[in-house]
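This is what each chain is made of:
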Amino acid sequence: MIRVSEQLDLKRVQFSVAGVEGVDTLWYEWGGEATPEASTHLDAAMVALTPVAMRSGAELFVDGAVDTHLLASVQEWADAWACIRPDLFSQIQIDAKDSYTPPALSKRRSAIVAFSGGVDSLYAASEHLAKTADADPSLVLVHGFDLPLEDQAGFETAFHSAQTAAEVLGRPLAWVRTNWRRDLSQNWTMEFAAGLTSALQLWRFDASQAVLGSDEGSGYGFEVYPWGSNPATNHLLGSPAFPIVTHGFAADRVEKCRVVAERAELLKVVRVCLVREAAGRNCGVCEKCLRTKLCLAATGVREMAAFDDHTLDGLQKVRLHKPHLRTTSKRCWPTSRVRFVLPSDKPSSTSSPENDSGYILRYPEGLSGRRGIERSVRSLVFAELQRSALRRILA
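Report on the accompanying structure. (Residues numbered from 1 in each chain as written. Predicted model: local features only at pLDDT ≥ 70, side-chain atom pairs only at ≥ 80, totals over all residues. Heavy atoms only, no water.)

## A look at the nonpolar core
Going by this rule: In plain words, nonpolar cores are sets of buried Ala, Val, Leu, Ile, Met, Phe, Trp, Tyr and Cys residues tied together by side-chain atoms within 4.5 Å. Only protein chains enter the area calculation, which uses a 1.4 Å probe; residues under 20% of their type maximum are buried, those over 50% are exposed, and those in between are partly exposed. In this description a helix means any DSSP run of H or I spanning at least four residues, a strand means any run of E spanning at least two, and both kinds are numbered starting from the N terminus. We call two residues contacting when some pair of their heavy atoms lies within 4.5 Å.
Judged by nonpolar contacts, the single largest core of 60 residues is most densely connected at F15, L26, Y28 and M46. Sorting elements by how many residues they give to this core places helix α1 (residues 43–56) first, with 9 residues. Setting aside residues no more than four positions away along its own chain, M46 makes contact with L60, V62, V66, L70, L71, V74 and I94. Core analysis: the next-biggest nonpolar cluster, separate from the first, contains 41 residues, F155, A158, C283 and A297 among them.

## A word on the pairing of strand β5 (residues 94–100)
What counts, and what does not: When DSSP finds at least two bridges between two strands, those strands are taken to pair. Throughout, right-handed denotes a crossover for which the path from the first strand over the helix to the second runs clockwise when the strands point away from the viewer.
Sheet topology note: the strand β4 (residues 60–67)/β5 ladder contains 6 bridges and is parallel. Residue pairing for β5: V62 is matched across the bridge by A96. What joins β4 to β5 is helix α2 (residues 68–84), and the crossover it makes is right-handed.

## Some thoughts on the pairing of strand β3 (residues 25–32)
Most of β3 is tucked away: 6 of the 8 residues are buried. As paired strands, strand β2 (residues 12–18) and β3 are joined by 5 bridges and run antiparallel to one another. Bridging across to β3, S16 finds its partner in T25. Joining the antiparallel neighbours β2 and β3 is a turn of 6 residues, in which G19 adopts a positive phi near 105 degrees. Bridge count for β3 against strand β8 (residues 173–178) is 5 bridges, and the pairing is antiparallel. Directly across from G32, in β8, lies its bridge partner A174.

## Considering the state of the cysteines
To keep things clear, this is the line we draw: Throughout, disulfides are identified as pairs of cysteine sulfur atoms within 2.5 Å of each other.
Taken as a whole and assessed by the stated rule, the structure comprises 0 disulfides. You can see C295 has no disulfide; the closest cysteine sulfur is in C257, sitting 4.7 Å from it. The class for C295 is buried, based on a relative accessible area of 0%.

## Overview of the environment of F205
Tracing the backbone shows F205 in the loop between α6 (188–200) and β9 (210–213). Classification of F205 by relative accessible area gives partly exposed; the value is 24%. In the structure, F205 is positioned 166 residues away from S39 in sequence and 8.1 Å away in space, judged by C-alpha atoms.

## A look at the packing of α1 against α2
Operational definition: In this analysis an axis means a line fitted to C-alpha atoms, helices contributing only their contacting stretch, and an angle means the value between N-to-C directions, from 0 to 180 degrees. Comment on the angle field: the value is read as roughly parallel under 35 degrees, roughly antiparallel over 145, roughly perpendicular from 65 to 115, and oblique elsewhere. By convention the crossing between two helices is left-handed if the near helix lies anticlockwise of the far one by an angle smaller than a right angle, and right-handed if it lies clockwise. When residues are grouped by polarity, Ala, Val, Leu, Ile, Met, Phe, Trp, Tyr, Cys and Pro land in nonpolar, Asp, Glu, Lys and Arg in charged, and all others, Gly among them, in polar.
Contact geometry of α1 with α2 gives a least axis separation of 11 Å together with a crossing angle of 20 degrees. By the angle between their directions, the pair α1 and α2 is classed as roughly parallel. The two elements α1 and α2 cross, and the hand of that crossing is right-handed. Along the contact surface, α1 presents D43, M46, V47, T50, P51 and M54, while α2 presents L70, L71, V74, W77, A78, W81 and A82. Looking at the contact of α1 with α2 residue by residue, the classes come out as 11 nonpolar, 1 polar and 1 charged.

## Observations regarding unusual backbone geometry
One non-glycine residue, A34, lies in the positive phi region at around 55 degrees. Its place among the elements puts A34 in the loop between β3 and α1.

## A word on the pattern of salt bridges
Filter applied, for reference: Within this document, salt bridges are pairs made up of a side-chain nitrogen of Lys or Arg and a carboxyl oxygen of Asp or Glu, the two lying within 4 Å of each other.
Summed over all chains, the structure comprises 15 salt bridges. One salt-bridge network, held together by shared partners, links R12, E29 and R177.

Here you go:
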């Protein structure tokens, strides 16, 4: 059994964890603008520790009070992921010492939006402002996910960029720091939605809902499935009193970049790079930086001011290829290692007829980037939508 209880401080909440080898504490710290009021409820910890318990097949017991509806919803999320990835997660029982009924939504302020300062979160925040009646959402940047807790300088750089973007949008920005990924997460690509929404649960008595930005490739078309954030299970991490809403499942990467490109100020501060050595900046040459520049270029942008390498030179190495993709209930596999190739090259005439099921981009030899097969496929499935735009760029 994994048992969790709470210790509360003014701007820090610490959950005592029993039953997880080598870890006895889950904690969150927060600051900035529009920060949450301290709460003695354990909803955030329940969400955060559910995938941890599922990995070992242990019962999760919350030694305190949780939202009655959230408990039932997270149990459904756990049941769903035990079916989706039975190789990683087991079915478990989640129980709590006590439950409560949250206050009415009308008594609380507007939404809280997860905000990394990247394309997905900029699109989500912009769409939320443009297409809902909520004119007063707040933004929150999490430290401890893409930027390690130990990289304080990188976080300060990232926070400065996010703060500039928040000012452009006219919204307040808070920050949260947590040890969840470092100490408790083992399958980031499948678990990150639980970790992110657990941080947003800190605002459940201050905000009407939590807003996430969808990942490319994880939308309504289920191009890459399973993936930690998806339209089938994200909402199960919320409840009627504090729903989880995800914006962007119907938009591809180019459409999202077009929203960013409409504001010159955002083009200077958008942050997408996952290379840790970039320290909160955009290196401009890794896989994710290259494909983001490619998408921005497809919208007509030519000056990539937010990137250390702000030219389009790297795009000359890019050609679209069409290898076979197979989606199963357990994993998405391409037939060969993902790589880029030169635009003058042509697909092999010996390619299997099965190689007609989807377009991706491929890594160039020697280019740094994430090598996990799932990440590679997920990050590149948008390519078919911009093939003609790429040809115009490289002409």
